[in-house]
Amino acid sequence: MKRHLLNWSYNLLCGSTESLNIKSGSCILRLESRRICSEVGKSDYALVSTEEAKRFIIDCMMKIGTPKLHAQELSEVLAAADYSGHFSHGLNRLDLYVKDVSSRMCDGHAIPTLLKETPATGFVDGNNALGPVVGNFCMNLAIKKAKGVGVGWVVARGSNHYGIAGWYARQAMRQNMIGMSFTNTSPFLSPTRSKKAALGTNPICVAAKGSSDNEQFVLDMATTAVAVGKVGL
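Computed from a prediction, not measured in an experiment: that's the story for all the values here.

1. Let's talk about the overall build of the chain
A tally of helices and strands in the chain yields seven helices and nine strands. Evaluated residue by residue, the chain yields a buried proportion of 40% over its 233 residues. Counting only contacts in the chain whose residues sit at least 6 apart along the sequence, the fraction spanning at least 24 positions is 52%. Taken as a whole, the chain presents about 13,100 Å² of accessible surface, with 54% of it coming from carbon and sulfur.

2. What to know about the pattern of salt bridges
All chains considered together, the criterion is met by six salt bridges. Between Asp 59 and Arg 55 there is a salt bridge, with the nearest N and O atoms lying 2.3 Å from each other. Within this pair, Asp 59 and its partner Arg 55 are both found in helix H2 (residues 50–63), separated by four residues, close to a single helical turn. Salt-bridge contacts for Lys 145 lead to Glu 117; the nearest nitrogen and oxygen are separated by 2.7 Å. In this pair, Lys 145 is assigned in helix H5 (residues 131–149) and Glu 117 in strand S4 (residues 113–117), connecting sequence segments 28 residues apart. Here Lys 145 falls in the buried class, since its relative accessible area comes to 8%. Connected through salt bridges with shared partners, the residues Glu 51, Lys 54 and Glu 76 form a single ionic network.

3. Brief notes about the packing of H5 against helix H6 (residues 166–173)
Where H5 contacts H6, the axes come no closer than 10 Å and their chain directions differ by 25°. Considering the angle they form, H5 stands roughly parallel to H6. Taken as a pair, H5 and H6 cross one another with a handedness that is right-handed. For the pair formed by H5 and H6, the contact residues are Gly 131, Pro 132, Gly 135, Asn 136, Met 139, Asn 140 and Ile 143 on the first element and Trp 167, Tyr 168, Ala 169, Gln 171 and Ala 172 on the second. The residue makeup of the contact of H5 with H6, split by class, is seven nonpolar, five polar and no charged.

4. Considerations on the confidence of the model for the chain
For the chain, the average pLDDT comes to 82, and 79% of its residues sit at 70 or higher. This stretch, residues 1–42, has a pLDDT under 50; its non-local contacts, to residues over four places away or in other chains, come to 98 contacts.

5. A word on H5
Note that an α-helix has 3.6 residues per turn; residues three or four places apart therefore point the same way. With 19 residues, H5 should cover 27 Å at 1.5 Å per step; its first-to-last C-alpha distance of 27 Å lies within 8% of that length. One or two residues past the end of H5 sits Gly 150, with phi positive at roughly 100°.

6. Examining the sheet that holds strand S8 (residues 204–209)
The strand order across the open sheet formed by three strands is S7-S8-S9, and the pairing between neighbours is antiparallel. Single-partner strands in this sheet number two, and they are strand S7 (179–182) and strand S9 (216–221). Strand after strand, the sheet turns through a mean of 10° between neighbouring axes, direction not considered. Across four bridges, the pairing between S7 and S8 is antiparallel.

7. Brief notes about the packing of helix H3 (residues 68–83) against H5
In contact at an axis separation of 8 Å, H3 and H5 are set at 85° when each is read in the N-to-C sense. With respect to H5, the axis of H3 lies roughly perpendicular. Counted together, His 70, Glu 73, Leu 74 and Val 77 of H3 and Pro 132, Val 133 and Asn 136 of H5 form the full contact between these two elements. Looking at the contact of H3 with H5 residue by residue, the classes come out as four nonpolar, two polar and one charged.

8. Notes on the sheet that holds strand S5 (residues 121–125)
Pairing in this open sheet of three strands is mixed, and the strands run S4-S5-S6 from one edge to the other. Here the strands that pair on one side only, and so sit at the sheet edges, are S4 and strand S6 (153–157). Neighbour-to-neighbour, the strand axes of this sheet turn through a mean angle of 25°, independent of strand direction. Relative to S6, S5 is paired through five bridges, and the arrangement is parallel. Bridge assignment links Thr 121 to a residue of S6, and that residue is Trp 153.

Cut-offs and rules
- Residues numbered from 1 in each chain as written.
- Predicted model: local features only at pLDDT ≥ 70, side-chain atom pairs only at ≥ 80, totals over all residues.
- Heavy atoms only, no water.
- Helix = DSSP H or I, 4+ residues; strand = E, 2+ residues; numbered from the N terminus.
- Buried < 20%, exposed > 50% of the residue type's maximum accessible area, 1.4 Å probe, protein only.
- Contact = heavy atoms within 4.5 Å.
- Areas by Shrake-Rupley, 256 points an atom, 1.4 Å probe, with all protein chains shown as cover.
- Salt bridge = Lys/Arg side-chain N within 4 Å of Asp/Glu carboxyl O.
- Axes fitted to C-alpha atoms, helices over the stretch in contact; angles between N-to-C directions.
- Parallel < 35°, antiparallel > 145°, perpendicular 65-115°, else oblique.
- Left-handed = near helix turned anticlockwise from the far one by under 90°.
- Nonpolar A, V, L, I, M, F, W, Y, C, P; charged D, E, K, R; others polar.
- pLDDT = per-residue confidence, 0-100.
- Expected span 1.5 Å × (residues − 1).
- Pairing = 2+ DSSP bridges.

See below:
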């Protein structure tokens, strides 16, 4: 049986889980009316504000040595995922980031660098940094270029799991642009008649405003039948 996410994270921060008095089991974290709902089993609920959820994420990441600014970037993406209904990419992914940084598979201190650029394009080395740190760096650069010459295309190598693609596409949309975000993943999909997984879930996202401020089009989807995180839920 999976360990409860809050149980595990509390143990990380305080060295004990006794005072939580919660069951061990799988955990689903959702946002309802600007709050995060932690569902243990099917009947027990605990509500916390989105700001408290972000603080929790930041504390967990800083406990393992992640700089605060990088931890904040991660907290924004995970909370936004739950708030927008992408429960497969919200707080339930926190343990993935903690384990990657703790095991040094990911460098929590790393900062992306720009390797090559033209007025409309950029090639970035993520330097194995946290995915949201690389994703924000690339989208900010793409927006800057698009404002200057009408379009901005930025690609990155050496990144990690960056959360929901919609987080980045929406950044461009809020600047009255059409935002797009794509990434590859580890192989999870087995092609027809194959015995082994060879293709990633490779999400695609497009976001654009409609004819009024209240209208938006946001497509954020995996290119497989379902995102891996949804299987876990």
